[in-house]
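These are the residues of each chain, in order.
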Amino acid sequence: MKLYLATGNRHKQKEMQEILPNYHIVIPADEGIDDFDPDETGDSFVENSLIKARALWDIVHAPVIADDSGLCVDCLNGAPGIYTSRYAGAKHPKGYHDGRKIPQDEQNRLLIEQVNATGSSDRRCHYTCAMVLVTDALKFYTCEEYLHGEIIARAEDAAGTGGFGYDPIVFLPAYGKTAAQISAEEKNLISHRGKAARGIAAILSELAQSGEL
């Protein structure tokens, strides 16, 4: 079964295909929808996911999944949160007004500096993933999951080449490694996106069995 994924991120597409091997995961660019870039104006991960999913459903009129994910740091009161991809340091926690983004390595460094500047010994953080399945114009389903870890103390200690985003600076105590050092298989089992995707997969299965999909 084909499932549309409301993103332009090939990393997410690959990860979702690994998590949902029984579905054919397609992103807009795969079908010539090159200008898909809805404004994420929501105040929560769920709201932003729904904005993206509904925007793509309006184009394809077929089942769409979308997620909004972000890194929430306890000592920063949950920042950067829904602004994770746009984060540009303590002075611009919601990103620059002109929308430009900085390189990921710089985002990682600035986030560590902001955490260190608090003087707090609490370095706990968690990734959040709110995933939405839209099946028609009026019906949607949601699942929100988390991956807990800690922000490392020094940018030069960032480690790992797996994953993407802030993974090299998020330490997972249970593994003794960063989120970028564990294998894709391990990460899919414990990740916020992996758990949310399996929740959505269970919903898809129920809908298929009931004839609603």
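Refer to the structure above for everything that follows.
Rules used in this analysis
Residues numbered from 1 in each chain as written. Predicted model: local features only at pLDDT ≥ 70, side-chain atom pairs only at ≥ 80, totals over all residues. Heavy atoms only, no water. Phe/Tyr/Trp six-rings, centres within 6.5 Å; stacked < 30°, edge-to-face > 60°. Lys NZ or Arg CZ within 6 Å of the ring centre and 35° of its normal. Helix = DSSP H or I, 4+ residues; strand = E, 2+ residues; numbered from the N terminus. Expected span 1.5 Å × (residues − 1). Buried < 20%, exposed > 50% of the residue type's maximum accessible area, 1.4 Å probe, protein only. Contact = heavy atoms within 4.5 Å. Pairing = 2+ DSSP bridges. Right-handed = clockwise from strand over helix to strand, strands pointing away. Core = buried A, V, L, I, M, F, W, Y, C linked by side-chain atoms within 4.5 Å. Axes fitted to C-alpha atoms, helices over the stretch in contact; angles between N-to-C directions.

**Q** Before we move on, can you summarise the packing of aromatic side chains with the specific residues and values?
**A** All chains considered together, the criterion is met by zero aromatic pairs. Its end group placed over the ring of Tyr 96, Arg 100 keeps NZ or CZ at 3.8 Å from the ring centre.

**Q** Describe helix α2 (residues 45-60), listing the residues and the values that go with them.
**A** If you check α2, its first and last C-alpha atoms are 23 Å apart, about what 16 residues at 1.5 Å a residue would give, namely 22 Å. Those residues of α2 not exposed but buried are Phe 45, Asn 48, Ser 49, Leu 50, Lys 52, Ala 53, Leu 56, Trp 57 and Val 60. The secondary structure elements touched by the buried residues of α2 are β1 (2-5), β3 (64-73), β4 (124-136) and β5 (139-151). Count one or two residues on from α2 and you reach His 61, which has phi positive near 50°.

**Q** Please provide a residue-by-residue account of the pairing of β1, values included.
**A** Where β1 and strand β2 (residues 24-26) come together, three bridges link them in parallel fashion. In the sheet register, Leu 3 faces β2, and the bridge partner there is Ile 25. For the crossover from β1 across helix α1 (residues 10-19) to β2, the handedness is right-handed. Sheet analysis places β1 next to β3, joined by two bridges and oriented parallel. Paired with Leu 5 across the strands is Ile 65, a residue of β3.

**Q** Provide a residue-level description of the nonpolar core, including the pertinent values.
**A** One finds Leu 71, Val 73, Leu 111, Ile 151, Tyr 166, Val 170 and Leu 172 to be the most contacted residues of the largest nonpolar core, which totals 23 residues. Of all the secondary-structure elements, those providing two or more residues to this core are β3, α3 (104-117), β4, β5 and β6 (170-172). When residues of this core are assigned to their parent elements, the largest contribution, four residues, is made by α3. The contact partners of Val 73, leaving out residues within four places of it in the chain, are Gly 78, Ala 79, Pro 80, Leu 111, Val 115, Arg 124, Cys 125 and Ile 151. With 20 residues, the next largest nonpolar core counts Leu 3, Ile 200, Ile 203 and Leu 207 among its residues.

**Q** How would you summarise the pairing of β4 if you had to cite specific residues and measurements?
**A** Counting buried positions along β4 gives 11 out of 13 residues, so the element sits mostly inside the fold. Taken together, the 10 bridges between β3 and β4 define a ladder with antiparallel strand orientation. Looking at the pairing, Val 64 lines up with Val 134 of β4.

**Q** Give a description of the sheet that holds β6 that names residues and reports values.
**A** Across the sheet, which stays open at both edges, the seven strands sit in the order β2-β1-β3-β4-β5-β6-β7 with mixed pairing between neighbours. Every other strand in the sheet has two partners, leaving β2 and β7 (177-178) as the edge strands with one partner each. The strands touched by α1 within the sheet are β1, β2, β3 and β4, with β2 carrying the most contacts at an inclination of about 165°. Strands in contact with α2 are β1, β3, β4 and β5; relative to β3, the strand with the most contacts, it is inclined by about 160°.

**Q** Would you mind going over unusual backbone geometry in detail, with residue names and values included?
**A** The omega torsion across Ala 79 and Pro 80 is -5°, close enough to zero to call that bond cis. Structurally, the position occupied by Pro 80 is in the loop between β3 and α3. The phi dihedral of His 61 falls on the positive side, at around 50°, and the residue is not glycine. Along the chain, His 61 turns up in the loop between α2 and β3. With phi around 55°, Asn 77 is a residue other than glycine that occupies positive phi space.

**Q** Explain the environment of Gly 149 residue by residue, including any values.
**A** The topology assignment puts Gly 149 in strand β5. Taking the relative accessible area as the measure of exposure, Gly 149 reaches 8% and is therefore buried. Linking Gly 149 and Ala 174, residues 25 residues apart in sequence, is a C-alpha distance of 8.9 Å. Discounting residues that sit within four places of it in the chain, Gly 149 has contacts with Arg 123, Arg 124, Cys 125, Val 170, Phe 171, Leu 172 and Pro 173.

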